[in-house]
Every structure is written in structure tokens, then in C-alpha cells.
Amino acid sequence: MIKRSPFDNTQVMRRTEELIRAASNRYRITVQVANRAQRRRFEEFDSYDDPKMKPVLRAIIEMSDELTQPEIIGE
């Protein structure tokens with residue numbers, strides 16, 4: 001059984017490039033993605049929303065959505 005992401009590779013790459021371009025520091029955005037992915041991985045132990053999508057991909061998608069749609073960011 002092949003696990004497939006709902007996003008294709010070109011879309012993930014495009015979103016990743018958008019994040020890097022928008023960031024003032026590549027290292028910092030990389031660490032932020034890694035930290036969010038790690039948090040999501042631990043959250044997934046409690047809930048199984050989409051076990052097909054890896055935490056790093058989910059973090060990239062979420063962060064690029066927050067970048068393009070700032071109204072979804074809740075404080």
C-alpha cells in the first residue's frame with residue numbers, strides 16, 4: 001500500500017520556496033518548520049487526523065498557508 005500526500009511534489013516545493021523567500025533568515029525558518037513538525041508529531045500520538053501526511057510536510061503547508069492567508073492565524 002502506497003501512502004500518498006494530498007499535495008504533489010511541485011506544490012510542496014513551491015510552498016517551501018515561498019516560505020524561504022519570505023523569511024529574513026533561512027536557518028531560522030528551517031528551525032521553525034522543524035519545531036512545528038516535532039510538535040505535530042507528538043500531537044499525532046493523541047489524534048490521527050491524516051496519518052498519510054508526514055509532520056514536516058504538514059508544517060510546511062500550514063506555515064505557507066499562514067503566510068498567504070494571515071487571517072487564519074489565531075493569537
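Residues numbered from 1 in each chain as written. Predicted model: local features only at pLDDT ≥ 70, side-chain atom pairs only at ≥ 80, totals over all residues. Heavy atoms only, no water.

*Asks:* I'd like a description of the pattern of salt bridges, backed by residues and values.
*Replies:* Taken as a whole and assessed by the stated rule, the structure comprises six salt bridges. Between D65 and R15 there is a salt bridge, with the nearest N and O atoms lying 2.7 Å from each other. Taken as a pair, D65 in helix α3 (residues 55-68) and R15 in helix α1 (residues 9-22) lie far apart in primary sequence, 50 residues in all. By relative accessible area, D65 is classed as partly exposed at 23%. With a relative accessible area of 11%, R15 lands in the buried category. For R36, the salt bridge goes to E62, with nearest N and O atoms at 3.4 Å. Of this pair, R36 sits in helix α2 (residues 26-44) while E62 sits in helix α3; the two residues are 26 residues apart in sequence, bridging distant segments of the chain. With relative accessibility at 16%, the residue R36 sits in the buried group. The class of E62 is partly exposed, set by a relative accessible area of 25%. Taken together, the salt bridges that share partners define one network made up of R36, R40, E62 and E66. (Salt bridge = Lys/Arg side-chain N within 4 Å of Asp/Glu carboxyl O. Helix = DSSP H or I, 4+ residues; strand = E, 2+ residues; numbered from the N terminus. Buried < 20%, exposed > 50% of the residue type's maximum accessible area, 1.4 Å probe, protein only.)

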